[in-house]
Amino acid sequence: INTTQYGLPCERWDAEWVKNKLMNDQRFNEAYGDEWEKGYTDLGLEEDYCRNPDPEYQERSLCFTKNGNSEYCNVPTCRRATPWCTK
């Protein structure tokens, strides 16, 4: 899924401005510090897909949009794990 709950297209996680936004985020920095690239890999922050980079802080997946904000996505949850979905 690569659109927000309101249908806005998601930006790529590797876009320079998105990286800068995350690198300036206190929680992301506390978790990864100078190893922010490892943080990107560990969290699956790739392409323009909705992700939840901080599940301890927020319950839903999100992405960044061209307006510079993060917005929630409607990612369906699974009742049980399958090859296409993990719980």
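What this report covers is the structure whose coordinates are included nearby. All residue numbers refer to positions counted from 1 along the written sequence of the respective chain. Where local features are concerned, this predicted model is filtered to residues with pLDDT of at least 70; where side-chain atom pairs are given and counted, the filter is 80 or more; whole-chain, interface and lining totals use all residues. The side-chain numbers reported here are obtained from all heavy atoms of the structure, hydrogens and water having been left aside.

### Looking at the side chain of Ser61
Then comes step 1: Only DSSP runs of H or I reaching four residues or more are called helices, and only runs of E reaching two or more are called strands; each is numbered from the N terminus. As for its placement among the helices and strands, Ser61 is situated in the loop between helix H3 (36-42) and strand E1 (62-64).
Then comes step 2: Any pair of residues with heavy atoms lying within 4.5 Å of one another is described as a contacting pair. Among residues more than four places away in sequence, those in contact with Ser61 are Cys50, Arg51, Asn52, Glu71, Tyr72, Cys73 and Val75.

### What about the state of the cysteines?
Note: disulfide means a covalent bond formed between the sulfur atoms of two cysteine side chains.
Then comes step 1: Cysteine sulfur atoms are paired as a disulfide whenever they fall within 2.5 Å. Taken as a whole, this structure holds two disulfides when the rule is applied.
Then comes step 2: Disulfide partner of Cys10: Cys63, at an S-S distance of 2.1 Å. Note on the Cys10 and Cys63 pair: the S-S dihedral is about -75°, so by sign convention the disulfide is left-handed. Residue Cys10 is located in the segment before helix H1 (16-23), and its partner Cys63 is located in strand E1; the two are separated by 53 residues in the primary sequence.

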